[in-house]
Amino acid sequence: MTDLQRLPLHDLHVALGGRMVPFAGYEMPVQYPAGVMKEHLHTRAAAGLFDVSHMGQVILRPRGDMAALVAGFEAMMPVDVASLPEGRQRYGLFTNEAGGVLDDLMFANRGDHLFVVVNAGCKAQDIALMQAALAEVAEVQPVTDRCLLALQGPAAEAVLDRLVPGVAAMRFMDVGVFGDLWISRSGYTGEDGFEISVPDAAAEAFVRDLLAMDEVLPIGLGARDSLRLEAGLCLYGHDLDQVTSPVEAGLAWAIQKVRRAGGAREGGFPGAARILRELAEGPARKRVGLRPEGRAPMREGTALFHDDTAAGVISSGGFGPSVGAPIAMAYLPAGLSAPGTAIEAELRGKRLPVTVCDMPFHPTSYKR
Amino acid sequence: MKYTKEHEWLRVEGDLVVVGITEHAATALGDVVFVELPETGTMVTEGDEIVVIESVKAASDILAPVDGEIVAVNATLSDNPALVNEDPLGAGWFFKMKLDDLAVLDQFMDEDEYTALIG
């Protein structure tokens, strides 16, 4: 057992009534007194504030020119880094030689450097990977003196613009520097919103200013999970892992044409053989959405069957507060992945009907 | 009212025992989104898993506190599982049992003892 790390705002979470639980090596608030259901619905109705300071913030600063850094970073991912304009952010995936996913991440072009945000549980691995892959072209600088917050929901724009005039003009996946705040218009809930990197020393006052507004409630990891599940977004370690390819995961949209067969910078990333083949021929299995019949939630690990044959396993599942019903994601053979396909899930010894469905389960409302 | 170590409450109602979970347990579980109840007429043995509760966070079982027969269940919970959080000691009851001898309830904690348990 390693000791759990504490967030810079730990005492504030405790003072707000946060129930602290271990997550990815950190003590994290899983919920506040409002509870997961109310926190989830509040985020969809107004604005929710999440402390995601456990995530890894990393600056990649070129040793020479940006082009060499960009080329080096592209060699780690099946993603178009080169065309990303200054002031914009993009979703990326580190892949391994087998075409599996080592982590999913966000990266931003900030003019003279790249800013990367990775999952907490993969942070050490990712930093080592980048240090090894980019040793000659960039300094990999973990950012260890800043909190990362997410403000999500339909009121997020109005709320944040009161404190940080100008953010309302940002579009989805824009990034900008506002004083000592690094802000992107993005998130992990399916809602419009912002992710805000703030120096540790300024974080508590900033959070208290946000929480002082009627629209804003603090939101824990529990609702973060149900919100992202309804939005159809993958959680690394559950819906994505080292054996699952981005194509199987339904993330082919993140692989731009320029990196695909026939593109100007085709391949050249770990696992290209498998990933390009799956793009051309279709993957053997696919991530799908599932709607269980009835009200019983079906959670990660629940076995799925079709005609009495094992067909797959639920990778994430639970109750969708905005959907008002249980929802889940799973990997199924391609032949069973069409929306409307009827399968069964084994719950407490019983086989119960489940239907493959489109995702997201709840419509997204990004401001494009 | 009597209490079990599994945070159930037991209330005698005529010759029956009504069973639910305590406010402490309901708060710890979080928002309840699904309750699966036993069928009436089921004979149960102490320790049998007879109710499944799913909260937004996790699944839990409610165990039969004593031997007996399930004579009624709170079917309202199937459509409105949130009652377990809203009124755990009242409208959020789970089932009623018929026992051979109500004296078996003497083994359980009274309110003071339960309050001490949950600190």
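Residues numbered from 1 in each chain as written. Chains lettered and ligands numbered in written order. Predicted model: local features only at pLDDT ≥ 70, side-chain atom pairs only at ≥ 80, totals over all residues. Heavy atoms only, no water.

For the rest of this paragraph, the subject is the environment of Gly324 of chain A. As for its placement among the helices and strands, Gly324 of chain A is situated in the loop between strand 17 (309-320) and strand 18 (325-333). Separated by 277 residues in the primary sequence, Gly324 of chain A and Ala47 of chain A place their C-alpha atoms 20 Å from one another. (Helix = DSSP H or I, 4+ residues; strand = E, 2+ residues; numbered from the N terminus.)

On to the pairing of strand 20 (residues 350-357) of chain A. Residue and element names in this part refer to chain A. Two elements, strand 15 (residues 285-292) and strand 20, share four bridges in a ladder whose sense is antiparallel. Residue pairing in the sheet places Gly289 in a bridge with Cys357 of strand 20. With six bridges connecting them, strand 19 (residues 342-347) and strand 20 associate as antiparallel partners. Within the sheet, the bridge partner assigned to Glu344 lies in strand 20 and is Pro353. Taking the residues that link successive antiparallel strands as the turn, the strand 19-strand 20 hairpin has two residues, and the phi of Arg348 there is positive, at about 50°. (Pairing = 2+ DSSP bridges.)

This part is about the interface of chain B and chain A. Facing 16 residues of chain B, the contacting portion of chain A comprises 13 residues. Surface buried jointly by chain B and chain A totals about 1200 Å² across both partners, of which 49% is contributed by carbon and sulfur atoms. If you sort the residues of chain B by the area they bury against chain A, Val33, Val56 and Lys57 of chain B come out on top, with a joint share of 39%. Summed over the shared surface of chain B and chain A, the number is three salt bridges. With its nearest N and O atoms 3.0 Å apart, the salt bridge here joins Arg348 of chain A to Glu54 of chain B. Linking chain B with chain A are ten residue pairs in polar contact (both at pLDDT 80 or more). Of all the secondary-structure elements, those providing two or more residues to the side of chain B that touches chain A are helix 1 (23-29), strand 4 (32-36), strand 6 (49-55) and helix 2 (76-79) of chain B. Here the residues of the side of chain B that touches chain A are counted per class, giving eight nonpolar, three polar and five charged. (Contact = heavy atoms within 4.5 Å. Buried area = accessible area lost by both parts, 1.4 Å probe. Salt bridge = Lys/Arg side-chain N within 4 Å of Asp/Glu carboxyl O. Polar contact = N/O pair within 3.5 Å; in protein donor to acceptor, adjacent residues only side chain to side chain. Nonpolar A, V, L, I, M, F, W, Y, C, P; charged D, E, K, R; others polar.)

Everything listed here is a matter of geometry and, on its own, says nothing about what the molecule does.
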